[in-house]
Amino acid sequence: MSKSNMTYISSGKAKDIYETADGNLLFEFTDRVTAFDGKKKAEYHEKGEITCWLAEYWFSILEAEGIPTHYIDCPTPTSMLVRRLDIMPVEVIRRNYAAGSLLRRYDAGEIKLPEGVKPEEGAPIPRGMIEFTTKFEAVDRPVDTKEIMFNGWMSREEIEHVTDMTSRINTILSRELNDVGIILADFKVEYGRTSDGEILLADEVGTPDGCRFWDRTEFEDGIIRSLDKDVFRKGTGDLSTVYGELFKRLQMQEKM
Ligand code: 5GP
């Protein structure tokens, strides 16, 4: 798609963002990957195409299940048109299993785990948990609902609304992934407001850049095999190979 009549807005960790002539946004999914607040960087062939396909796949499923999103269309295999929103300054994390920063913060003595949750990677969180992090600060920082309301970032009703939407997204993604032998350990999403105040799911959803996916068969044998960005964060595997495996499993599911 020609970008000659678009205005370049910014480049994020993995996407370049443009504004179209009619005021929508175009996301160009690139092959870039970064971790540790940009300290580790690389590029992987076909990553942009796979993440764009996955984001489109999940947006379509979520829309069909009644979750309002900013997704419009994918004009090319690596680009997505979306509605421009006023992005909320807080991101939402849903956790079904202990992993990542949850355990790091526990080890540092900063947080308690929900009752009965063992402090080890892969420990189930029976009722799940929701956390919030800042979006527009130099480093994503966990924030509690008191600080969110105090700063006027979201009202109590909006916090309840995005918490409910994130739980519904979790139910839908977990169900679909279970069908292809994958556990959804956790994920992060963003929301934004339209000019008339409606809250829509924004950015991307269900990609291995923003979720932890574990192979279910191996998990049942006591092994955590990641099909997500953790292989890059931890240097435990080839990102193209695991993103490709995830893509193939869901693509086959779509054709059935
Ligand atoms: P953690 O807080 O354990 O590092 O990450 C929790 C979840 O949020 C993981 O699924 C991780 O992939 C996702 N996540 C962490 N940082 C980002 C980010 O900057 N963008 C997106 N989309 N997801 C993130």
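Here is a short report on the structure shown in this document.

The rules behind the values
- Residues numbered from 1 in each chain as written.
- Predicted model: local features only at pLDDT ≥ 70, side-chain atom pairs only at ≥ 80, totals over all residues.
- Heavy atoms only, no water.
- Helix = DSSP H or I, 4+ residues; strand = E, 2+ residues; numbered from the N terminus.
- Buried < 20%, exposed > 50% of the residue type's maximum accessible area, 1.4 Å probe, protein only.
- Contact = heavy atoms within 4.5 Å.
- Areas by Shrake-Rupley, 256 points an atom, 1.4 Å probe, with all protein chains shown as cover.
- Lys, Arg positive; Asp, Glu negative; His and termini not counted.
- Charge placed at Lys NZ, Arg CZ, Asp CG, Glu CD.
- Near = heavy atom within 4 Å.
- Polar contact = N/O pair within 3.5 Å; in protein donor to acceptor, adjacent residues only side chain to side chain.
- Expected span 1.5 Å × (residues − 1).
- Phe/Tyr/Trp six-rings, centres within 6.5 Å; stacked < 30°, edge-to-face > 60°.
- Lys NZ or Arg CZ within 6 Å of the ring centre and 35° of its normal.
- Salt bridge = Lys/Arg side-chain N within 4 Å of Asp/Glu carboxyl O.
- Axes fitted to C-alpha atoms, helices over the stretch in contact; angles between N-to-C directions.
- Parallel < 35°, antiparallel > 145°, perpendicular 65-115°, else oblique.
- Left-handed = near helix turned anticlockwise from the far one by under 90°.
- Nonpolar A, V, L, I, M, F, W, Y, C, P; charged D, E, K, R; others polar.

### Considerations on the overall build of the chain
- Looking only at helices and strands, one finds seven helices and 14 strands in the chain.
- Principal-axis analysis of the C-alpha atoms places the extent of the chain at approximately 55 × 45 × 35 Å.
- For the chain, the residues scored as buried account for 50% of the 256 residues in total.
- Put simply, 60% of the contacts in the chain that link residues at least 6 apart link residues at least 24 apart.
- Of the accessible surface of the chain, which amounts to about 12600 Å², a share of 49% is contributed by carbon and sulfur atoms.
- Each charge class in the chain can be summarised by its mean position, and for the 34 positive and 47 negative side chains these summaries are 4 Å apart.

### Regarding the site of the ligand
- What surrounds the ligand is a group of 15 residues, the closest being Lys 13, Arg 95, Ser 101, Asp 186 and Arg 212.
- A distance of 2.4 Å separates an oxygen atom of the ligand from a polar side-chain atom of Lys 13.
- The side chain of Ser 101 places a nitrogen or oxygen atom 2.5 Å from an oxygen atom of the ligand.
- Contact with the protein chains hides 85% of the accessible area of the ligand, taken as 500 Å² for the molecule alone.
- Contributing elements (two or more residues each) for the shell around the ligand: strand S9 (90–97), helix H2 (100–107), strand S12 (182–193) and strand S14 (211–215).
- It is S12 that contributes the most residues to the shell around the ligand, three residues altogether.

### Some details on helix H7 (residues 239–255)
- With 17 residues, H7 extends 24 Å between its outermost C-alpha atoms, agreeing within 8% with the 24 Å of an ideal straight helix rising 1.5 Å per residue.
- Those residues of H7 that are buried lie in contact with strand S4 (32–35), helix H1 (47–64), helix H4 (156–178), S12, S14 and helix H6 (230–234).

### Structural notes on the packing of aromatic side chains
- Summed over all chains, the structure comprises ten aromatic pairs.
- When the ring centre of Phe 27 is taken as reference, the NZ or CZ atom of Lys 15 above it lies at 5.2 Å.
- Over the ring of Phe 232 we find Lys 40, and its NZ or CZ is 4.7 Å from the ring centre.

### A closer look at H1
- A rise of 1.5 Å per residue sets the reference length of H1, with its 18 residues, at 26 Å; its end C-alpha atoms lie 26 Å apart and thus fit the reference within 8%.
- The buried fraction of H1 amounts to 13 of the 18 residues, a majority that puts the element mostly inside the structure.
- The first or second residue beyond H1 is Gly 66, which carries a positive phi of 90°.

### Let's talk about the side chain of Arg 95
- Residue position: Arg 95 is located in strand S9.
- Within the structure, Arg 95 has its side chain in polar contact with the side chain of Ser 101 (distance 3.1 Å).
- Apart from the residues within four sequence positions on either side, Arg 95 is in contact with Ser 101, Leu 102, Arg 105, Ile 125, Gly 128, Met 129, Glu 131, Ala 185, Asp 186 and Arg 212.

### What to know about the pattern of salt bridges
- Scanning all chains against the criterion turns up 29 salt bridges.
- Between Glu 204 and Lys 15 there is a salt bridge, with its nearest N and O atoms 2.6 Å apart. Placement of Glu 204 in the loop between strand S13 (199–202) and S14 and of Lys 15 in strand S2 (residues 15–19) is noted, with a sequence separation of 189 residues between them.
- For Glu 204, a relative accessible area of 10% puts it in the buried group.
- The residue Asp 186 makes a salt bridge to Arg 95 at a minimum N-O spacing of 3.5 Å. Here Asp 186, found in strand S12, pairs with Arg 95, found in strand S9; they are 91 residues apart in sequence, far enough to count as distant. For the pair shown, Asp 186 and Arg 95 are each scored as buried.
- Several salt bridges converge on common partners, so that one network encompasses Arg 95, Arg 105, Glu 131, Asp 186, Arg 212, Asp 230 and Arg 233.

### Remarks on the packing of H1 against H4
- Running from N to C, H1 and H4 cross one another at 120°; their axes reach a closest spacing of 11 Å. With respect to each other, H1 and H4 are oriented oblique. Crossing geometry of H1 relative to H4 is assigned as right-handed. In this structure, H1 contributes Tyr 57, Trp 58, Ile 61 and Leu 62 to the contact, and H4 contributes Ile 169, Ile 172, Leu 173, Glu 176 and Leu 177.
- Here the contact of H1 with H4 is built from residues that sort into eight nonpolar, no polar and one charged.

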